[in-house]
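Structure assessment
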Amino acid sequence: MTDGILGKAATMEIPIHGNGEAGQLPEDDGLEQDLQQVMVSGPNLNETSIVSGGYGGSGDGLIPTGSGRHPSHSTTPTGPGDEVARGIAGEKFDIVKKWGINTYKCTKQLLSERFGRGSRTVDLELELQIELLRETKRKYESVLQLGRALTAHLYSLLQTQHALGDAFADLSQKSPELQEEFGYNAETQKLLCKNGETLLGAVNFFVSSINTLVTKTMEDTLMTVKQYEAARLEYDAYRTDLEELSLGPRDAGTRGRLESAQATFQAHRDKYEKLRGDVAIKLKFLEENKIKVMHKQLLLFHNAVSAYFAGNQKQLEQTLQQFNIKLRPPGAEKPSWLEEQ
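Nothing here was measured: the structure is a model prediction, and the numbers come from that model. (Residues numbered from 1 in each chain as written. Predicted model: local features only at pLDDT ≥ 70, side-chain atom pairs only at ≥ 80, totals over all residues. Heavy atoms only, no water.)

**What about the nonpolar core?**
Counting 44 residues, the largest nonpolar core has Ile130, Met218, Tyr228 and Val279 as its most contacted members. For this core, the elements supplying multiple residues, two or more each, are α3 (124-174), α4 (179-247), α5 (252-309) and α6 (313-322). The element that contributes the greatest number of residues to this core is α4, accounting for 19 residues. In this structure, Val279 is in contact with Leu126, Ile130, Thr224, Val225 and Tyr228, ignoring residues within four places of it in sequence. (Core = buried A, V, L, I, M, F, W, Y, C linked by side-chain atoms within 4.5 Å. Buried < 20%, exposed > 50% of the residue type's maximum accessible area, 1.4 Å probe, protein only. Helix = DSSP H or I, 4+ residues; strand = E, 2+ residues; numbered from the N terminus. Contact = heavy atoms within 4.5 Å.)

As structure tokens, this is what we get:
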């Protein structure tokens, strides 16, 4: 094992058993998905570092390598443009070559881990936090779906109550013998609509906040996690490559390859450790933000629902004022009556 490969305080190298499992660490994706993830980022051939015009040129853009040109048999000397075009082609070839080598090594490492012939670097504490985040996100997505369903049902109920109140009011005018009975039922439905609109505003605010937490805050952290996991795979791939070279014979040619492999490994190690730190920081801030947001939203939801079913119109209105929520005018066509300040 090469010196300094792992940060001993935070990570450890876990051998893969014959059944492809690393200790008790759960696998959240299938092999096919992981292979797709390795292959998803192809080389970017749209840009190169060579531009037309040299140091004093206009720098209008890059010189494309034409796909339909045939080699010329003319003895005319090549100009600066031809030299630049060859430079671009060479640079693109190097990009493809590096991407191919990296993809091969990562695929080899992934298959080695899955089929029990290799080892992987694992930060057990961080991995458990990541798995907990994924599980939490799934549960919050379920709450979000149920919250949206509740909003739709409340809106439908409001439309029915509004129509029923109008029908009672009309019958009150046309049925003198039942005018009083139809009248107070129409007023009751009107009051229920008003309280329902207030409740709907509170629930919409709750759903909107959960949606932001799940689709933006949590998703942003998980994007960094994906980058970290890709960097971990690259790190282990080049670590394995370096270990194999270190165990081989030492001669002049091997020594140069070993030094090159050590430099490449160090670069991937630095990238891995940086992303590991980024993930740890984002997980910490996400947890703090989640607690802060949910403390507010759960209090809002509880107070609004309790006041609504208790028929306490004053408490309902106070709840919306407490959380700075404004209702849209009753004539609005959209089901969402929410308007945040």
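Now that the structure has been shown, we can carry on.
**Here we look at the pattern of salt bridges**
Using the criterion set out here, one finds 15 salt bridges in the structure. Salt-bridge contacts for Asp170 lead to Lys174; the nearest nitrogen and oxygen are separated by 3.4 Å. Within this pair, Asp170 and its partner Lys174 are both found in helix α3, separated by four residues, close to a single helical turn. With a relative accessible area of 38%, Asp170 lands in the partly exposed category. Residue Arg232 is joined to Asp236 by a salt bridge in which the shortest nitrogen-to-oxygen separation is 2.7 Å. With a gap of four residues between them, Arg232 and Asp236 both fall in helix α4, about one helical turn apart. (Salt bridge = Lys/Arg side-chain N within 4 Å of Asp/Glu carboxyl O.)

**Regarding the packing of aromatic side chains**
In total, this model carries six aromatic pairs according to the counting rule given. Ring geometry for Phe206 and Phe301: centres 4.8 Å apart, planes at 40°, overall tilted. Of the two residues, Phe206 is situated in helix α4 and Phe301 in helix α5; the sequence distance between them amounts to 95 residues. Residue classification places Phe301 among the partly exposed residues on the basis of a relative accessible area of 27%. Note that Lys284 overlies the ring of Phe285, its terminal NZ or CZ placed 5.3 Å from the centroid. (Phe/Tyr/Trp six-rings, centres within 6.5 Å; stacked < 30°, edge-to-face > 60°. Lys NZ or Arg CZ within 6 Å of the ring centre and 35° of its normal.)

**Section: α5**
Look at α5: 83 Å from first C-alpha to last across 58 residues, which is about the 86 Å you get at 1.5 Å a residue. Note on α5: the residue one or two positions beyond its end, Gly311, has a positive phi of about 70°. (Expected span 1.5 Å × (residues − 1).)

**Quick notes on α4**
Along its 69 residues, α4 runs 98 Å from first to last C-alpha, staying within 8% of the 102 Å computed at 1.5 Å per residue. Its maximal kink placed at Glu219, α4 deviates by approximately 35°. (Bend = angle between axes of the 7 residues up to and from the residue.)

**Quick word on the environment of Leu157**
Here Leu157 lies in helix α3. On the basis of relative accessibility, which here comes to 37%, the residue Leu157 falls in the partly exposed class.

**Comments concerning the environment of Phe265**
Within the fold, Phe265 resides in helix α5. Relative accessible area serves as the criterion here: at 0%, Phe265 is assigned to the buried category.

**Focus: the packing of α5 against α6**
Look at α5 against α6: their axes get within 8 Å of each other, and the N-to-C directions meet at 160°. Taken as axis vectors, α5 and α6 run roughly antiparallel relative to one another. Between α5 and α6 lies a crossing of left-handed hand. Note on element contacts: α6 touches α5 through Gln315, Leu316, Thr319 and Gln322, opposite Leu299, Leu300, Asn303, Ala304, Ala307 and Tyr308. Grouping the constituent residues of the contact of α5 with α6 by class yields six nonpolar, four polar and no charged. (Axes fitted to C-alpha atoms, helices over the stretch in contact; angles between N-to-C directions. Parallel < 35°, antiparallel > 145°, perpendicular 65-115°, else oblique. Left-handed = near helix turned anticlockwise from the far one by under 90°. Nonpolar A, V, L, I, M, F, W, Y, C, P; charged D, E, K, R; others polar.)

**Quick word on unusual backbone geometry**
Phi is positive for Asn324, which is not a glycine, with a value near 55°. Along the chain, the position of Asn324 falls in the loop between α6 and β3 (325-327). When its relative accessible area of 46% is taken as the criterion, Asn324 is described as partly exposed.

**A short note on the packing of α4 against α5**
The geometry of α4 relative to α5 is characterised by a closest axis approach of 8 Å and an angle of 165° between their N-to-C directions. Between α4 and α5, the interaxial angle falls into the category roughly antiparallel. The way α4 lies across α5 gives a crossing that is left-handed. Each residue belonging to the contact of α4 with α5 can be placed in one class, and the counts come to 31 nonpolar, 13 polar and 12 charged.

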